[in-house]
Amino acid sequence: MGSFPRAEQIVDDGVINRIVPASEPGALAPVRGGEAPNELWEWLRLLNRRKALIVGCGLVAVALMALIIAQATPMYKASARLLLDTRVFKVLSTEAALSGVDTMNLGAIQSELEVIQSEFLIGRVVDKLGLANNPDFNDTKPPGFIDSAFAPLRELWATGISTLLAPAAKPQPAAQPARSSRAAEESDPRRAAAIGAVASHLSVTLLGRTFVILVTVESPDGTMSARIANAIAEAYLADQIDTKNEANRRATEWLEQRLAELRRNLQVAEEAVASYRRDKGLAGSPEGTMSSQTLSDLNGKYVGARTKRIEREARLVALSRASLNPGEIANIAEVAGNTMLAALRIQDAELTRKMAELSSMLGDNHPKMIQARNELASVRARFLSETQRITLAVRAELDAAKAEEDELKELVDKAAVVSGTASQYEAEQKQLEREAQSNRTLYESFLTRFKELREQQDIQRADARILAYAHPSGFPSSPNYKTGLMAAFVIGCLLGMGGAVAAEKLDRVFRSAAQVEDATGVGVLGMVPEVKGAASQRSNVVAHVLENTTSPAAEAIRAVFTAISLGSLDRPPRVIAVTSSTPSEGKTTFVASLGGLLTKMNASRRVLIVDLDLRQARMSAALGLKDRGGTIDDYLMGLKTLEECTKRHDNSGVDYILARPNTPNAPEILESHAMKAALATFSERYDLVILDGPPVMAVSDARIIARLADYTVFIVQWAKTPREVVKTAVNALLGVSNHVGIVINRVNLAKHARYGYGDHGDYYSRYRGYYGSAAETPANVARPPLTLAKR
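All figures in this text were calculated on a predicted structure; none of them were measured in a lab.

**Considerations on the overall build of the chain**
Next up, step 1: The helix and strand inventory of the chain stands at 27 helices and 14 strands.
Next up, step 2: Buried positions account for 39% of the 791 residues belonging to the chain.
Next up, step 3: Within the chain, contacts between residues at least 6 apart in sequence are counted, and of these 81% link residues at least 24 apart.
Next up, step 4: Element-wise, carbon and sulfur atoms account for 55% of the exposed surface of the chain, whose accessible area totals about 43800 Å².

**Let's talk about the environment of Arg 264**
Next up, step 1: Considering the arrangement of structural elements, one finds Arg 264 in helix 9 (residues 222-280).
Next up, step 2: Residue Arg 264 is classed as exposed on the basis of its relative accessible area of 52%.

**Some remarks on the side chain of Lys 587**
Next up, step 1: For Lys 587, the location among the structural elements is in helix 18 (residues 587-601).
Next up, step 2: Within the local environment of Lys 587, its side chain forms a polar contact with the backbone oxygen of Gly 693, the two atoms lying 2.7 Å apart.
Next up, step 3: Contact partners of Lys 587, with chain neighbours within four places excluded, come to Val 578, Thr 579, Ser 580, Asp 613, Asp 692, Gly 693, Pro 694, Pro 695 and Ile 715.

**Let's talk about the nonpolar core**
Next up, step 1: Counting 39 residues, the largest nonpolar core has Leu 82, Ile 116, Leu 131, Ile 228, Ile 232 and Tyr 236 as the members making the most contacts within it.
Next up, step 2: Counting residues per element, the ones that place at least two in this core are strand 3 (76-84), helix 4 (106-116), helix 5 (119-129), helix 8 (189-200), strand 4 (202-206), strand 5 (212-219), helix 9 and strand 6 (464-468).
Next up, step 3: Counting residues per element, this core draws most heavily on helix 9, at ten residues.
Next up, step 4: Core analysis: the second largest hydrophobic core is formed by 37 residues, Phe 561, Ile 576, Ala 622 and Val 713 among them.

**Overview of the packing of helix 5 against helix 8**
Next up, step 1: Between helix 5 and helix 8, the shortest axis-to-axis distance is 9 Å and the interhelical angle comes to 110°. With respect to each other, helix 5 and helix 8 are oriented roughly perpendicular. The handedness of the crossing between helix 5 and helix 8 is right-handed. Residue-level inspection shows Glu 119, Ile 122, Gly 123, Arg 124, Val 126 and Asp 127 of helix 5 in contact with helix 8, the latter providing Arg 191, Ala 194, Ile 195, Val 198 and Ala 199.
Next up, step 2: Across the contact of helix 5 with helix 8, the residue classes break down as six nonpolar, one polar and four charged.

**Some words on the confidence of the model for the chain**
Next up, step 1: In this model, the chain carries a mean pLDDT of 79, and residues with pLDDT of at least 70 account for 77%.
Next up, step 2: Taken as a whole, residues 284-290 scores under 50 in pLDDT and shows one contact with residues more than four places along the chain or in a different chain.

**Concerning the sheet that holds strand 8 (residues 575-580)**
Next up, step 1: If you trace the eight strands from one edge of the open sheet to the other, you get 7-14-13-8-12-9-11-10, paired in mixed fashion. Both outer strands of the open sheet, strand 7 (524-529) and strand 10 (647-648), are each paired with one neighbouring strand and no more.
Next up, step 2: Alignment of strand 10 against strand 11 (residues 655-657), held across two bridges, turns out to be antiparallel. Paired with Arg 648 across the bridge in strand 11 is Asp 655.
Next up, step 3: Across the sheet, helix 25 (residues 723-734) is in contact with strand 8, strand 13 (711-717) and strand 14 (740-747); its angle to strand 13 comes to roughly 175°.

**Things to note about the sheet that holds strand 6**
Next up, step 1: Spatially, four strands are ordered 4-5-3-6 in an open sheet, and the strand pairing comes out antiparallel. The sheet is open, and its two edges are formed by strand 4 and strand 6, each paired on a single side. Taken over all neighbouring pairs, the strand axes of this sheet differ in orientation by 25° on average, direction set aside.
Next up, step 2: Note: strand 4 against strand 5, five bridges, orientation antiparallel.

**Examining the pattern of salt bridges**
Next up, step 1: All told, the structure shown has 25 salt bridges when counted by the stated rule.
Next up, step 2: Linking Arg 440 and Glu 270 is a salt bridge whose minimum nitrogen-to-oxygen distance equals 2.5 Å. Of this pair, Arg 440 sits in helix 13 (residues 367-455) while Glu 270 sits in helix 9, and the two are 170 residues apart along the sequence.
Next up, step 3: Classification of Glu 270 as partly exposed rests on a relative accessible area of 35%.
Next up, step 4: Residue Arg 660 pairs with Asp 634 through a salt bridge whose shortest N-O separation is 3.2 Å. Of this pair, Arg 660 sits in the loop between strand 11 and helix 22 (666-670) while Asp 634 sits in helix 20 (residues 632-636), and the two are 26 residues apart along the sequence.
Next up, step 5: Residues joined by salt bridges that share partners form a network here, namely Glu 246, Arg 249, Arg 250 and Glu 253.

**Some remarks on the packing of aromatic side chains**
Next up, step 1: Tallied over the full model, the rule gives two aromatic pairs.
Next up, step 2: With 5.7 Å between their ring centres and 50° between their planes, Trp 254 and Phe 446 make a pair best called tilted. Taken together, the residues span a long stretch of sequence, with Trp 254 in helix 9 and Phe 446 in helix 13 at a distance of 192 residues.
Next up, step 3: Residue Trp 254 is classed as partly exposed on the basis of its relative accessible area of 48%.
Next up, step 4: For Phe 446, a relative accessible area of 16% translates into the label buried.
Next up, step 5: Taking NZ or CZ as reference, Arg 258 lies 5.9 Å from the ring centre of Phe 446, over its face.
Next up, step 6: Lying over the aromatic face of Trp 718, Arg 511 brings its terminal NZ or CZ to 5.6 Å of the ring centre.

**Here we look at a nonpolar patch on the surface**
Next up, step 1: Taken together, the side chains of Met 486, Val 490, Leu 494 and Met 497 present a nonpolar region at the surface, about 360 Å² in accessible area.
Next up, step 2: Considering the arrangement of structural elements, one finds Met 486 in helix 14 (residues 481-505).

**Topic: unusual backbone geometry**
Next up, step 1: Residue Pro 479 follows Ser 478 across a cis peptide bond; omega there is 5°.
Next up, step 2: Mapping Pro 479 onto the fold places it in the loop between strand 6 and helix 14.
Next up, step 3: The phi angle at Asn 662 is positive, at roughly 55°, despite the residue not being glycine.
Next up, step 4: Structurally, the position occupied by Asn 662 is in the loop between strand 11 and helix 22.
Next up, step 5: Judged by relative accessible area, which is 64%, Asn 662 ranks as exposed.
Next up, step 6: Positive phi values are uncommon outside glycine, yet Asn 665 reaches one of about 55°.

Definitions and cut-offs
Residues numbered from 1 in each chain as written. Predicted model: local features only at pLDDT ≥ 70, side-chain atom pairs only at ≥ 80, totals over all residues. Heavy atoms only, no water. Helix = DSSP H or I, 4+ residues; strand = E, 2+ residues; numbered from the N terminus. Buried < 20%, exposed > 50% of the residue type's maximum accessible area, 1.4 Å probe, protein only. Contact = heavy atoms within 4.5 Å. Areas by Shrake-Rupley, 256 points an atom, 1.4 Å probe, with all protein chains shown as cover. Polar contact = N/O pair within 3.5 Å; in protein donor to acceptor, adjacent residues only side chain to side chain. Core = buried A, V, L, I, M, F, W, Y, C linked by side-chain atoms within 4.5 Å. Axes fitted to C-alpha atoms, helices over the stretch in contact; angles between N-to-C directions. Parallel < 35°, antiparallel > 145°, perpendicular 65-115°, else oblique. Left-handed = near helix turned anticlockwise from the far one by under 90°. Nonpolar A, V, L, I, M, F, W, Y, C, P; charged D, E, K, R; others polar. pLDDT = per-residue confidence, 0-100. Pairing = 2+ DSSP bridges. Salt bridge = Lys/Arg side-chain N within 4 Å of Asp/Glu carboxyl O. Phe/Tyr/Trp six-rings, centres within 6.5 Å; stacked < 30°, edge-to-face > 60°. Lys NZ or Arg CZ within 6 Å of the ring centre and 35° of its normal. Patch = residues over 30% accessible without salt bridge, like charges linked within 9 Å, V, L, I, M, F, W, Y side chains within 5 Å.

Okay, here's the thing in structure tokens:
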């Protein structure tokens with residue numbers, strides 16, 4: 001059997017499916033438009049599909065909330081207001097010990113809120129109001145029905161889950177000394193329960209962007225709520241004053257100890273300065289000062305002599321260079337100020353000019369020229385002699401300056417030795433004096449602060465004040481029926497949505513043609529709707545399809561055959577095998593319906609159905625037969641002739657050959673030469689042979705049958721067959737045959753329409769009225785057979 005070409009494309013439900021040879025990658029896979037799916041519509045369809053689950057979860061949550069609210073105890077709220085004082089209040093600048101709350105610092109304000117909610121402050125209120133003996137707070141009141149029902153869950157939460165999920169413990173304010181005297185009271189379980197009850201129903205917040213603190217307490221008694229809120233506000237103010245007094249007391253005690261230590265240190269430092277002066281002989285002696293002054297004067301003279309010597313050396317170097325270059329000698333100060341040298345320079349210039357004139361008029365050998373030359377030489381000789389005299393004078397000055405510098409250098413060295421010892425003693429004395437002065441300054445500072453604290457002990461004030469006291473409320477604050485039920489419904493619906501998304505993500509079955517094609521790479525030939533009602537049994541389904549030839553199921557089955565035929569117009573398949581991955585997917589019913597429809601709609605078409613499911617052999621049940629007659633194994637073994645084994649169905653006129661259940665050696669029979677010869681005979685006598693094979697995953701018979709057929713139709717039950725099973729079975733078929741198409745069977749049109757896939761099933765569900773029904777054409781009305789004209 002060679003491969004046969006297929007039609008270029010099939011237009012079905014507005015989607016162009018390009019049919020390619022199955023040997024190519026993505027055989028029969030549709031070429032769909034590049035339009036991306038609308039994600040919003042996908043979510044809306046998901047909610048529509050699972051609306052029963054979502055609404056059901058919401059209603060269950062509402063019912064539970066209603067039960068909880070009915071058993072809940074009414075609670076009453078009362079609120080007191082505290083105002084953090086932002087006014088500056090200072091007395092004698094005692095900020096360190098008496099500073100209050102920094103109201104400009106948000107962190108400090110949050111810390112005050114934590115102080116109000118602290119266990120210590122609440123404990124003072126519990127003791128003041130006697131809440132440890134109140135059944136509403138000491139945990140001795142009998143629990144209600146809801147509390148008893150949820151008690152095991154609360155115990156589980158308290159024992160393990162809460163420790164894993166709870167945040168880090170909040171830092172508590174420093175423990176007060178007064179608490180140590182209440183160890184017995186704190187060990188009382190009723191008092192601890194009362195503290196926990198008040199803390200769990202206490203809310204401390206800032207009012208907007210103000211410095212007003214709102215202290216709200218909730219309890220079963222409105223009057224008690226107001227009393228607790230007012231007591232907490234008063235306890236907070238008292239705690240602030242107590243804290244400041246305690247800080248003042250501790251600061252005073254510490255300053256007393258520190259002053260005594262500083263007093264001792266100051267005395268020791270002053271005694272050290274006096275002893276050092278006596279030991280080094282520095283008391284009242286100006287020797288150190290005189291030595292330092294003498295050394296300073298000598299250093300000044302030495303620097304002056306050195307500068308003078310450097311100046312003389314520079315002048316001498318300049319005169320030496322000028323002797324080599326007479327043009328630069330005028331730049332030297334000694335030469336520029338000498339009148340004789342100035343006159344000689346003038347004569348030199350005049351004789352030079354005169355010689356230039358005579359040279360141009362008389363020539364170099366003229367007597368006047370010679371006389372002028374001699375005069376110029378005489379002038380220059382006198383100039384040089386005078387310059388040498390000046391150089392000798394400068395050299396003499398340089399020698400005198402060097403001698404003076406050396407003498408002063410020697411004096412400076414001697415004075416430095418004398419002053420070094422005195423300076424060392426003076427430096428050590430100053431170090432001791434600085435230490436003594438530092439101790440004196442520190443002592444005086446602490447003494448001043450100590451006096452300030454002693455004066456401030458009786459003028460402490462809190463950093464907040466009560467702005468408004470709490471008053472009892474006449475209406476309960478909880479439970480809020482409307483809000484609670486609405487919130488329960490919303491939360492239940494949200495949980496239902498989460499469950500719906502989880503159900504969609506965990507859905508491992510096929511619900512659309514696109515899913516099948518993407519998973520297997522094989523195109524879908526069609527989707528056959530499910531037949532419901534009394535016709536849901538196997539034989540009734542076939543009878544329903546044959547009687548209602550214009551129903552969606554019948555049209556879908558014919559569309560499958562049309563897709564197969566259009567894919568091979570030049571050489572249509574003569575032998576079609578039908579199989580599935582698992583049993584009970586409707587392959588046998590599909591074979592019986594396909595063969596019956598093709599024969600009934602075209603009486604001239606000869607169709608043969610062969611039951612090759614040698615394990616189950618359920619074709620007789622699908623056709624509604626009781627007597628099997630001759631079977632395929634009888635014909636292959638030569639026990640009966642073809643005419644004896646071939647029967648004709650009364651309702652449709654299709655010929656069929658049945659099989660015997662549990663036929664032994666089924667694979668050997670299917671692979672035998674007799675089977676191949678039988679198929680060749682069937683193909684000669686009939687226009688189309690449809691083979692009903694067993695499931696692929698159950699036995700190996702299906703792969704043998706697929707190799708014998710020209711085309712294999714693989715049945716997938718909608719929303720039931722697992723995806724992994726389908727992919728494994730299709731891969732097994734593609735290993736033996738290149739011509740495989742998939743049919744999605746038993747599609748629930750009502751549920752499929754909720755997905756909005758836009759495939760075959762969506763068309764059948766949306767335009768169901770387009771097809772005829774049994775009511776329009778009664779089954780007892782005879783229809784003339786359709787006969788096609790022959791060439």
